[in-house]
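Residues per chain, in single letters:
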Amino acid sequence: AQSVTQLGSHVSVSEGALVLLRCNYSSSVPPYLFWYVQYPNQGLQLLLKYTSAATLVKGINGFEAEFKKSETSFHLTKPSAHMSDAAEYFCAVSEEDGAQKLVFGQGTRLTINP
Amino acid sequence: EAGVAQSPRYKIIEKRQSVAFWCNPISGHATLYWYQQILGQGPKLLIQFQNNGVVDDSQLPKDRFSAERLKGVDSTLKIQPAKLEDSAVYLCASTRGLTNGGPLGGELFFGEGSRLTVL
């Protein structure tokens, strides 16, 4: 069965600094990988999705993630943090495309310091 | 386009009481999901519907949880009787169907959730 581990339940960076949120996955087949963002008291919103078309995936709000099969990783990055990026971020894996049976990581809370 | 609607947003009950949550998915979305999100954890799938049929309910605690989607649109999730460990946010999500290609194909659209506190 697939699983996701997010390293660091809380990450704090300064405004303008690089954001790096780590995600490692386990899957018995080539996975579909996702990053979702959850702002306070809101539902989850899709940031980006890896579907095997390209290893570097660009998402919304300047975020991107790189799929590294050898490291079983799908880390999320953004070159320059903005105050509005403060939220909870979830990495998720699915072994099925359309069926979307997502398995989520435990989440990483991102705090931006002014 | 209206998003996924859920109600109530907040509910406080005592253990052994019952509670029901309602979800109205985005118009035209055939697939509907209920997730449970316990504080400090990622969402966990409880049940998946395709139209009015159940696709996957393997993680639904069927001794106390039930869900239905009678006309293939709205859905209700019920807990009876509630336990302390049921305290969580219950998220409803929808998507167009089981097969969705493309970069954001199959994207799940989530509602704001219903926060349950069991005392």
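Heads up: these notes are all about the structure in this document. Note that residues are indexed from 1 along each chain, following the sequence as it is written. Chain A is the first chain written and ligand 1 is the first ligand written, with later ones labelled in order. Since the coordinates come from a predicted model, pLDDT governs what is reported: local features require at least 70, and pairs of side-chain atoms require 80 or more to be given and counted, while whole-chain, interface and lining totals use all residues. Think of the side-chain values as coming from all heavy atoms in the structure, minus any hydrogens and water.

Before going further, it helps to examine the overall build of chain B. When its secondary structure is counted, chain B shows 0 helices and 11 strands. Reading the secondary structure of chain B in the N-to-C direction produces β-β-β-β-β-β-β-β-β-β-β. Within these notes, the globule rule equals 2.2 Å times the number of residues to the 0.38 power, and the radius of gyration is based on C-alpha atoms. Compactness check: chain B gives a C-alpha radius of gyration of 14 Å against a globular reference of 14 Å for 119 residues, within 12% of the reference. A simple rule labels every residue: compare its accessible area, found with a 1.4 Å probe on the protein chains alone, to the largest value its type can have, and call it buried under 20%, exposed over 50%, or partly exposed in between. Counting every position in chain B, which comprises 119 residues, the buried fraction comes to 47%. Contacts were defined at the residue level, with two residues in contact if any of their heavy atoms lie within 4.5 Å. Of the contacts formed within chain B by residues at least 6 apart in sequence, a portion of 55% connects residues at least 24 apart. If you sum the accessible surface of chain B, you get close to 5900 Å²; carbon and sulfur atoms cover 51% of it. Between the averaged position of the 13 positive side-chain charges in chain B and that of its 11 negative side-chain charges there is a distance of 4 Å. Secondary structure elements are defined from DSSP: runs of H or I of at least 4 residues count as helices, runs of E of at least 2 residues count as strands, and each element is numbered from the N terminus. Using the Shrake-Rupley algorithm and a 1.4 Å probe, accessible areas are obtained, with residue cover drawn only from the displayed protein chains. Charge assignment in this entry is limited to Lys and Arg as positive and Asp and Glu as negative, and neither His nor the chain termini are counted. Each charge is placed at NZ for Lys, CZ for Arg, CG for Asp and CD for Glu.

Moving on to the state of the cysteines. For this text, the term disulfide refers to a pair of cysteine sulfurs within 2.5 Å. Taken as a whole and assessed by the stated rule, the structure comprises 2 disulfides over all chains. Between the sulfur atoms of C23 of chain A and its disulfide partner C91 of chain A the distance amounts to 2.0 Å. Classification of the bridge connecting C23 of chain A and C91 of chain A rests on its S-S torsion, roughly -65°, and on that basis the disulfide is left-handed. Residue C23 of chain A is found in strand β3 (residues 19–26), and its partner C91 of chain A is found in strand β9 (residues 87–94); the two are separated by 68 residues along the sequence. There is no split in this pair, since C23 of chain A and C91 of chain A are both buried. A sulfur-sulfur distance of 1.9 Å marks the disulfide that ties C23 of chain B to C92 of chain B. What sets the handedness of the C23 of chain B and C92 of chain B disulfide is the S-S torsion sign, and at about -70° it is left-handed. Pair noted here: C23 of chain B is in strand β3 (residues 19–24) and C92 of chain B is in strand β9 (residues 88–95), with a separation of 69 residues, a long-range link. By the burial criterion, C23 of chain B is buried, and C92 of chain B matches it.

Residue and element names in this part refer to chain B. Each salt bridge in this description consists of a side-chain nitrogen of Lys or Arg and a carboxyl oxygen of Asp or Glu lying within 4 Å of one another. What the rule picks out here adds up to 6 salt bridges over all chains. Notably, a salt bridge pairs E112 with R9, separated by 2.8 Å at the nearest N-O pair. One end of the pair, E112, is in the loop between β10 (109–110) and β11 (114–118); the other, R9, is in the loop between β1 (5–7) and β2 (10–13), with 103 residues separating them in the sequence. Looking at E112, the relative accessible area reads 42%, which means it is partly exposed. With relative accessibility at 28%, the residue R9 sits in the partly exposed group. Between D86 and R64 there is a salt bridge, with the nearest N and O atoms lying 2.4 Å from each other. You can see D86 sitting in the loop between β8 (75–79) and β9 and its partner R64 sitting in the loop between β6 (53–56) and β7 (65–68), a full 22 residues away along the chain.

Residues and elements named next belong to chain A. By the convention used here, strands pair only if DSSP detects at least 2 bridges between them. If you walk across this open sheet you meet the 5 strands as β1-β3-β8-β7-β6, and the pairing is antiparallel. The open sheet has two edge strands with one neighbour each: β1 (3–7) and β6 (56–58). Neighbour-to-neighbour, the strand axes of the sheet open up by a mean angle of 20°, direction not taken into account. In this analysis, axes come from line fits to C-alpha atoms, helices being fitted only over the stretch in contact, and the angle between any two N-to-C directions falls in the range 0 to 180 degrees.

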